[in-house]
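# Working through the structure, step by step
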Amino acid sequence: MTTLDLPPVAAPAPADPPAEAAPPRPEKRVRLGGVTPEDVLTLAGSAVGSLALNWMLYERILPFSGAPGFLICWYGLFLVGYFLIGRLQWGALMVRDRLVSVVAWSSGLLVIGLIADQIGYVLVRGMDAARHLNFFLESMDHTAPLSPITSGGALNGLVGSLEQLGLATLFAVPLGIAAAVFMSEVGGRLARPVRTLVEAMTALPSIVAGLFILGVVIITLGFEKSGFAASLALTVMMMPIVTRAAEVVIRLVPGTLREASYALGGSQWRTVWNVVLPTARPGLVTAVVLGMARGVGETSPVLLTSGFTSQFNGNPFSEHQVSLPLYVWNYVKQPYPDMIARAFAAALTLMAVVLILFVTARVVGGRRPGQLTRRQRRRIDRAAGSVEASARARHRAKPRFATAPGAARTATATAPGAARAAARPATAATALGEH
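Just so you know, these numbers come straight off a predicted model, no measurement behind them.

A word on the overall build of the protein chain. Assigned secondary structure in the protein chain consists of 16 helices and zero strands. In the protein chain, buried positions account for 34% of the 435 residues. Long-range contacts, defined as pairs at least 24 residues apart, comprise 71% of the intrachain contacts of the protein chain with a sequence gap of at least 6. Of the roughly 27300 Å² of accessible surface on the protein chain, a fraction of 67% belongs to carbon and sulfur atoms.

All chains considered together, the criterion is met by ten aromatic pairs. Centroid distance Tyr58 to Phe64: 5.7 Å. Interplanar angle 50°. Geometry classified as tilted. Classification of Tyr58 as buried rests on a relative accessible area of 5%. For Phe64, a relative accessible area of 44% corresponds to the partly exposed category.

Taken N-terminus to C-terminus, the directions of helix H5 (residues 155–186) and helix H13 (residues 324–331) make an angle of 140°; their axes are 7 Å apart at the nearest point. Across the interface between the two elements, Asn156, Gly157, Leu158 and Ser161 of H5 pack against Leu324, Pro325 and Tyr327 of H13. Split into classes, the residues belonging to the contact of H5 with H13 amount to four nonpolar, three polar and no charged.

Glancing now at the pattern of salt bridges. Within the structure shown, the criterion is met by five salt bridges. Notably, a salt bridge pairs Glu247 with Arg251, separated by 3.4 Å at the nearest N-O pair. Of this pair, Glu247 and Arg251 both sit in helix H8 (residues 227–251), four residues apart, which is roughly one turn of the helix. For Arg294, the salt bridge is made with Glu298, and the minimal N-O distance between the two is 2.8 Å. Looking at Arg294, the relative accessible area reads 27%, which means it is partly exposed.

This part covers the nonpolar core. Counting residues in hydrophobic clusters, the biggest one holds 52 residues, and the most contacted among them are Phe135, Ile250, Leu277, Tyr327 and Leu357. Secondary-structure elements contributing two or more residues to this core are helix H3 (92–130), H5, H8, helix H10 (268–279), helix H11 (281–296), H13 and helix H14 (337–364). No other element matches H14, which puts 13 residues into this core. Ignoring any residue separated from it by four or fewer positions in sequence, one finds Tyr327 in contact with Phe135, Met140, Gly153, Ala154, Asn156, Phe308, Val322, Arg342 and Ala346. With twelve residues, the next largest nonpolar core counts Met201, Ile213, Ile218 and Leu232 among its residues.

About the cut-offs
Residues numbered from 1 in each chain as written. Predicted model: local features only at pLDDT ≥ 70, side-chain atom pairs only at ≥ 80, totals over all residues. Heavy atoms only, no water. Helix = DSSP H or I, 4+ residues; strand = E, 2+ residues; numbered from the N terminus. Buried < 20%, exposed > 50% of the residue type's maximum accessible area, 1.4 Å probe, protein only. Contact = heavy atoms within 4.5 Å. Areas by Shrake-Rupley, 256 points an atom, 1.4 Å probe, with all protein chains shown as cover. Phe/Tyr/Trp six-rings, centres within 6.5 Å; stacked < 30°, edge-to-face > 60°. Axes fitted to C-alpha atoms, helices over the stretch in contact; angles between N-to-C directions. Nonpolar A, V, L, I, M, F, W, Y, C, P; charged D, E, K, R; others polar. Salt bridge = Lys/Arg side-chain N within 4 Å of Asp/Glu carboxyl O. Core = buried A, V, L, I, M, F, W, Y, C linked by side-chain atoms within 4.5 Å.

This is how it looks when you write it as structure tokens:
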């Protein structure tokens, strides 16, 4: 046996102590959207620089003058300056995105500014007459052009507008909804011509509607100028608005609801009456209110069909009857400051009526098609509770000796579940009926 002499192996050196790990760097928070200081400074610098350059070119070098031209040139130079300054610090894609955002925001602010300017102007000019209570409680029967502002008012115009608008709504809403149902639910060969006619009537000038009623109803048929004739002219203007909006809303009703009604044996007209129209009720209310807002401010049809009078007339079927637009049109032309103030106060009242109508449309039409109201949900809950209570009462009325103890316990345990299962079809049926 041979023995090999190997060199001695050195003992392993002790391992170095582990070095301490470096503390992690704090993560940089990435902000998506919002406004940064760079955006604000770029926007402000572009606005100030374009204003100075526009003033130098528009007022000192070029032979231009006028505030509208100055503002338009300033806006164009502002967009160019914003693009160039942004290109120095951002990429091309981001610059285009920021530029489009600036155009959108500036357009919105411009529209809001114009609306606020109009409302403020009418408010300032009309508050001299609108702050007196007699403006809403008196008519112009005994008021002369030089009478003080505390005499007379627009009660005749306010009542006339409400009566004419009510009659026009009574005529236009059934016709408009019936035409919308025909185009969306019935169809056929006549659906396309009817839709084309409705779209053409939407762009019809208002004075043409007044001339149509003047020629057909007043001259041909021999009716006198009255609030009823004015309501017919407003009907011609309101009906296409109601029809187009109602058709869009009816088309949004899910087709599964129609299929479920047909599967239960309902006819087409019963499906439309009990399923489609109740489901689209919020949208239909919005369509009606939008049509009313269109008709309440029309002047040309009323001017040709209702006549003008300074006396109060609460009967729309006889004699002349004035409305708020016609009241404004007649008195704003007169050279007397108090008469002009009354006209602006009537315009302010008309704006308030239109605002109320649009807010009503927004509130009522805010629900989605088929969404239940609180009252409907409470009725469904009460119906489900009554079904469950009747099931429990029937269970307690059964004789105990007719079933085995185990079966009785099983029936007792399953009765609430069965009652809830029985309440589900009733709940669905109640919801369908409510909608």
